[in-house]
Amino acid sequence: MAVTRVKPKLIGENNQYCSGCGHGILNRLVAEVLEELGRADDAILVTAVGCACMMNELWQGDNMQAAHGRAPASATAIKRLRPENIVFTYQGDGDLSSIGIAEILHATARNEKFTTIFANNGVFGMTGGQMAPTTLVGQKTTTTHFGRDPQFTGMPVKIVELLATLKPAYLARGSVDSIKNINTTKKYIRNAFEAQIDSEGFSLVEVLLPCPTNWHLTPEQALERVGSTVEAYYPLGEVVKRGE
Ligand SMILES: Cc1ncc(C[n+]2csc(CCOP(=O)(O)OP(=O)(O)O)c2C)c(N)n1
Ligand code: SF4
């Protein structure tokens, strides 16, 4: 029997994402979880910059935009002032793992009681597909024409594993390349928000997304690359479970 999925009220009618962009799938998962938890009306979204921040044009709930990389600092202030609200950041990998690495590290170290949804598409998407800290070895970008060379630019940064050393409340990595992985990612997002609701501390879900435009692939090829190549370097799963 066909299942009809109702569009969450938190998701508006228009978005500016390219065809096949992973942000749309992830925005919707976040909205579905908040509505299923009955927390759509008191959730506060903090975006920063990049295609990731176009979520705030689609989002029909409370939100604010921080400076590039600074969403965790803004979310810290909002959550401390309004502990009864759900507060979460939605950040790209350029934003979170490059210019914003200090903010996310220290928010995790302080175990701030907000949630971060980390959208990892392996490039600086909005500005034209430059190398990000998360770009895979050998991956061609507009700043690594012959492929990322670790001799010059080091190894791709595994944010979830890095933050795990700081013992926050919950950390997981999901993907959107298959129905199964989309459903598992949704469970991780729910776990992350529940950790916040129960005041356990900081929670983050990294989600591997396709950026077909800057990867110069069709939407189908981009999803296939996530499953075959990106997940090989960034393993999926819960890295810090609640209560550990
Ligand atoms: C302080 C500052 N530095 C640089 C920029 C330029 N900038 C805008 S979007 C962006 C890339 C964002 O990439 P990412 O966070 O990976 O998000 P995506 O576009 O891939 O979703 C950059 C560098 C800016 N807006 N502000
Ligand atoms: S450039 Fe990439 S991240 Fe940005 S909207 Fe297009 S597909 Fe999505």
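Our subject in this report is the structure included herewith.

Next up on the list: the nonpolar core. Val30, Trp59 and Phe88 are the most contacted members of the largest nonpolar core, which totals 37 residues. Broken down by secondary-structure element, the contributors of at least two residues to this core are helix 1 (22-36), strand 1 (43-47), helix 2 (55-58), strand 3 (86-92), strand 4 (115-120), strand 7 (170-175), helix 8 (179-197) and strand 8 (203-208). Among residues more than four places away in sequence, those in contact with valine 30 are Met55, Trp59, Phe88, Ile117, Ile189 and Phe193. In terms of nonpolar packing, the next biggest core, distinct from the first, is built from 21 residues, Val46, Ala48, Ala107 and Val160 among them.

Next up on the list: the site of ligand 1. As a matter of local geometry, ligand 1 sits amid 17 residues, with His23, Cys51, Gly94, Asp95 and Met126 nearest to it. One of the backbone nitrogen or oxygen atoms of glycine 94 is found 2.8 Å away from an oxygen atom of ligand 1. At a separation of 2.9 Å, an oxygen atom of ligand 1 approaches a polar backbone atom of glycine 125. When contributions to the shell around ligand 1 are tallied by element, the ones reaching two or more residues are helix 4 (93-99) and strand 5 (123-124). Its residues assigned to classes, the shell around ligand 1 comprises 7 nonpolar, 8 polar and 2 charged.

The next subject is helix 8. Side chains of residues three or four places apart in an α-helix project in the same direction, reflecting 3.6 residues per turn. Between its first and last C-alpha atoms helix 8 spans 27 Å; for 19 residues at 1.5 Å apiece the expected length is 27 Å, and the two agree. All of the buried residues along helix 8 are Asn181, Ile182, Thr185, Lys186, Tyr188, Ile189, Ala192, Phe193, Ala195 and Gln196. Following helix 8 by one or two positions, serine 199 adopts a phi angle in the positive range, close to 55 degrees.

This part covers the sheet that holds strand 8. As a general point, the strands of a sheet are linked pairwise by backbone hydrogen bonds and lie either parallel or antiparallel. As summarised here, the arrangement of the 7 strands in space is 2-1-3-4-8-7-9, forming an open sheet in which the pairing is mixed. Looking at which strands have only one partner, the edges of the open sheet turn out to be strand 2 (62-65) and strand 9 (237-240). Taken pair by pair, the neighbouring strands of this sheet meet at an average axis angle of 20 degrees, ignoring direction. Taken together, the 6 bridges between strand 7 and strand 8 define a ladder with parallel strand orientation. Across the sheet, residue tyrosine 170 finds its bridge partner in strand 8, namely serine 203. Across the sheet, helix 3 (residues 71-81) is in contact with strand 1, strand 2 and strand 3; its angle to strand 3 comes to roughly 175 degrees.

The next thing to look at is the environment of cysteine 211. Positionally, cysteine 211 belongs in the loop between strand 8 and helix 9 (212-215). Sequence spacing of cysteine 211 and cysteine 21 is 190 residues, and the spatial spacing of their C-alpha atoms is 5.4 Å. Excluding its chain neighbours within four sequence positions, the residues that come into contact with cysteine 211 are Asn121 and Val123.

Residues in contact with ligand 2, as listed here, are Tyr17, Cys18, Cys21, His23, Cys51, Asn121, Cys211, Pro212, Thr213 and Asn214. No other element matches helix 9, which puts 3 residues into the shell around ligand 2. Taken together, the residues of the shell around ligand 2 sort by class into 6 nonpolar, 4 polar and no charged.

Before going further, it helps to spend a moment on unusual backbone geometry. Unlike most non-glycine residues, lysine 167 shows phi in positive territory, near 55 degrees. Tracing the sequence through the fold places lysine 167 in the loop between helix 7 (159-164) and strand 7. Backbone geometry at serine 199 places phi at a positive 55 degrees, although glycine is not the residue there. Following the sequence through the fold, serine 199 ends up in the loop between helix 8 and strand 8.

Applying the stated criterion across every chain yields a total of 15 salt bridges. Salt-bridge contacts for glutamate 161 lead to arginine 173; the nearest nitrogen and oxygen are separated by 2.6 Å. With glutamate 161 in helix 7 and arginine 173 in strand 7, this pair connects stretches of sequence that are 12 residues apart. Classification of arginine 173 by relative accessible area gives buried; the value is 0%. Each of Arg28, Glu32, Glu36, Lys186, Arg190, Glu194, Asp198, Glu200 and Arg242 takes part in one network of salt bridges that share partners.

Turning next to the pairing of strand 4. Most of strand 4 sits out of view: 6 of its 6 residues are buried. Residues Thr115, Ile117 and Ala119 point to one face of strand 4 and Thr116, Phe118 and Asn120 to the other, with burial holding for every one of them. Sheet topology places strand 4 next to strand 8; 6 bridges connect them, and they run parallel. Bridge assignment links threonine 115 to a residue of strand 8, and that residue is serine 203.

Procedures and definitions
- Residues numbered from 1 in each chain as written.
- Chains lettered and ligands numbered in written order.
- Predicted model: local features only at pLDDT ≥ 70, side-chain atom pairs only at ≥ 80, totals over all residues.
- Heavy atoms only, no water.
- Core = buried A, V, L, I, M, F, W, Y, C linked by side-chain atoms within 4.5 Å.
- Buried < 20%, exposed > 50% of the residue type's maximum accessible area, 1.4 Å probe, protein only.
- Helix = DSSP H or I, 4+ residues; strand = E, 2+ residues; numbered from the N terminus.
- Contact = heavy atoms within 4.5 Å.
- Near = heavy atom within 4 Å.
- Polar contact = N/O pair within 3.5 Å; in protein donor to acceptor, adjacent residues only side chain to side chain.
- Nonpolar A, V, L, I, M, F, W, Y, C, P; charged D, E, K, R; others polar.
- Expected span 1.5 Å × (residues − 1).
- Pairing = 2+ DSSP bridges.
- Axes fitted to C-alpha atoms, helices over the stretch in contact; angles between N-to-C directions.
- Salt bridge = Lys/Arg side-chain N within 4 Å of Asp/Glu carboxyl O.

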